[in-house]
Amino acid sequence: SLTTWTSAMWLNSVDWLVGGGGRHMRFARVIVKNWRNFRKADVAMETRLFVVGANASGKSNLLDVFRFCRDIAKKGGGLQEAIAQRGGLSKLRCLAARFNSKVEIDVYLTDDEGTRWHYAISLTQEQRGKRQPVLAYEKVWKNDEKILNRPDEKDKSDPQRLTQTQLEQIAGNFEFRGIAEAFQKIVYLHLVPQLLKHPQLANRDAVGEDPFGVKFLERIMESPEKTRKSRLTRIEKVLQVAVPELSQLHETRDSRGVPHLEAVYKHWRPNGAMQQEDQFSDGTIRLLGLMWILLDGDGLVLLEEPELSLHDAIVSKLPALMWRLQQTRKKAPRQVFLSTHSVGLLGDKGISPEEVVLLRSRGGEGTEVVPATSIEVVKRALDGGMTIGEAILPHTAPPQIAQLTQLTLF
């Protein structure tokens with residue numbers, strides 16, 4: 001539930017979340033060709049990027065470009081594993097690409113010294129034999145100097161080398177290891193509260209990525225004790241405002257060593273009532289998970305519809321929370337790339353049109369990525385006093401939506 005929610009209370013809570021130090025490499029731009037929904041997409045990135053679009057327009061697929069790069073670079077990953085996890089190269093190709101069989105990804109980054117980096121790969125398939133995915137090319141530029149250009153002579157003498165990237169090989173990525181590390185730090189979490197409440201619904205022993213938070217509590221407990229308690233104290237301050245009945249939050253383990261979160265809720269009894277995560281509301285779990293991810297690390301954060309299960313009043317404050325965190329932490333601002341359908345979230349006056357892109361269907365020609373600043377009707381709406389959410393979200397509705405209630409279903 002939500003009672004009084006004031007900006008002052010919110011900003012005071014945000015102040016408790018701030019911490020950390022250090023700097024990291026930033027993503028500046030990504031270009032993909034023949035990737036899933038997109039024949040071509042070119043996206044510039046600042047500290048935040050808000051992606052809006054109709055259902056099935058490709059919001060998740062656009063975020064997955066970064067997850068794919070992370071899966072190549074991460075320990076235990078690699079090119080072949082990243083492609084296999086997505087059902088093979090044929091599942092990555094855009095259906096609208098027609099005769100173009102290659103998938104291309106270009107990622108531009110800058111480091112803390114202002115050095116410009118550019119990593120590019122093109123994926124194709126062997127013409128004969130096992131027809132496994134291989135590199136058509138892999139290239140790296142440092143500023144304007146090309147420091148990797150594959151296939152090289154070694155690749156030509158041993159074509160099997162093209163089944164792996166240099167990015168995933170410690171012996172091969174020395175000159176551009178910062179790119180690999182930036183990919184490895186990418187974080188994606190779309191926490192599903194039911195999997196946290198009912199762990200028997202999922203395989204907790206599964207290896208690899210945990211995108212839906214099946215092992216989220218283990219992740220919390222694996223952090224250093226001092227760091228864990230500090231973060232939970234800060235999160236507790238936010239939850240005390242967002243969930244007024246909640247007064248205390250802490251971690252624990254049961255007699256079997258299974259981790260849990262416990263909260264004290266105000267109650268008619270003097271000491272309140274203790275509840276564990278299986279009794280938390282979905283919104284409490286979602287907000288808690290979002291806060292933890294924002295505090296945990298310094299890499300790019302990928303979020304899908306963070307407004308789910310949250311009260312509109314809380315959703316409207318999320319951009320301010322994320323922005324305040326970036327501006328006040330001692331580390332360099334952490335980049336956040338999120339998709340949303342929420343007018344409330346995009347109602348924040350601090351969101352610049354330069355931070356918003358629209359995914360728009362081109363019929364049978366795939367999806368295009370359109371900066372909000374390039375849409376004249378959106379610019380006129382903003383000039384007229386509308387928020388970016390009010391101006392752009394109507395353009396994400398299906399064109400025939402009015403017919404939905406006029407269908408003959410029987």
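Predicted model, so just to flag it, every value in this text is computed and none were measured.

Thresholds, definitions, all that
Along each chain, residue indices are assigned from 1 in the same order as the chain's sequence is written. In keeping with the predicted nature of the model, local features appear solely for residues at pLDDT of at least 70, side-chain atom pairs appear and are counted solely at 80 or more, and the whole-chain, interface and lining totals rest on all residues. The basis for the side-chain values is all heavy atoms of the structure; hydrogens and waters are excluded. Secondary structure elements follow DSSP: runs of H or I no shorter than four residues count as helices, runs of E no shorter than two count as strands, and numbering proceeds from the N terminus. We compute the radius of gyration over the C-alpha atoms and compare it with the globule rule, which gives 2.2 Å times the number of residues raised to the power 0.38. Buried, partly exposed and exposed residues are distinguished by accessible area as a fraction of the type maximum, computed with a 1.4 Å probe on protein chains only: under 20%, between the cut-offs, and over 50%, respectively. Think of it this way: Lys and Arg go in the positive column, Asp and Glu in the negative one, and His and the chain ends go nowhere. Note that the charge is assigned to NZ on lysines, CZ on arginines, CG on aspartates and CD on glutamates. When DSSP locates at least two bridges between a pair of strands, those strands are taken to pair. Interaxial angles span 0 to 180 degrees and are taken between N-to-C directions of axes, which are lines fitted to C-alpha atoms, for helices over the stretch in contact. Every angle not falling under 35 degrees, over 145, or within 65 to 115 is termed oblique; those three ranges are roughly parallel, roughly antiparallel and roughly perpendicular. Crossings are assigned a handedness: left-handed for a near helix turned anticlockwise from the far helix by less than a right angle, right-handed for a clockwise turn. Residue contacts are counted whenever heavy atoms from the two residues lie within 4.5 Å of one another. Charged residues are taken to be Asp, Glu, Lys and Arg, nonpolar residues to be Ala, Val, Leu, Ile, Met, Phe, Trp, Tyr, Cys and Pro, and polar residues to be all remaining types, Gly included.

(A) Up close: the overall build of the protein. Along the backbone of the protein there are 14 helices and 15 strands. In summary, the protein has a C-alpha radius of gyration of 23 Å against a globular reference of 22 Å for 410 residues, a match within 12%. On the principal axes, the C-alpha backbone points of the protein span a range of 75 × 55 × 55 Å. In the protein, buried positions account for 49% of the 410 residues. If the 57 positive side-chain charges of the protein are averaged to one point and the 50 negative ones to another, these points end up 2 Å apart.

(B) Broad picture of the sheet that holds strand β2 (residues 38-44). Taken in spatial order, the 6 strands line up as β2-β1-β4-β5-β6-β7 in an open sheet, and their pairing is antiparallel. A single partner strand is all that each edge strand has here, and the edge strands are β2 and β7 (145-150). Looking at each pair of strands side by side, their axes are set apart by 10° on average, direction ignored. Note: strand β6 (residues 133-142) against β7, 5 bridges, orientation antiparallel. Looking across to β7, one finds that E138 is bridged to R150.

(C) Geometry of the pairing of strand β14 (residues 356-361). The sheet contact formed by strand β3 (residues 48-53) and β14 spans 4 bridges and is parallel. In the strand pairing of β14, G53 is matched with L359.

(D) Representation of unusual backbone geometry within the structure. Here R150 and P151 are connected by a cis peptide whose omega angle stands at 5°. Tracing the sequence through the fold places P151 in the loop between β7 and α5 (153-157). Phi at R36 is positive, roughly 50°, even though this residue is not glycine. Following the sequence through the fold, R36 ends up in the loop between β1 (26-35) and β2.

(E) Region of interest: the packing of helix α2 (residues 59-73) against helix α6 (residues 177-184). Where α2 meets α6, the closest approach of the two axes is 8 Å, and the angle between their N-to-C directions is 120°. If you check the angle between α2 and α6, you find them oblique. Relative to α6, α2 is oriented so that their crossing is left-handed. Of the residues in α6, those in contact with C69, R70 and A73 of α2 are A180, F183 and Q184. Of the residues that constitute the contact of α2 with α6, the class distribution is 4 nonpolar, 1 polar and 1 charged.

(F) Expanded view of the side chain of D64. Among the secondary structure elements, D64 is positioned in helix α2. Sequence-distant contacts of D64, defined by excluding residues within four places in its chain, comprise W35, R36 and R86.

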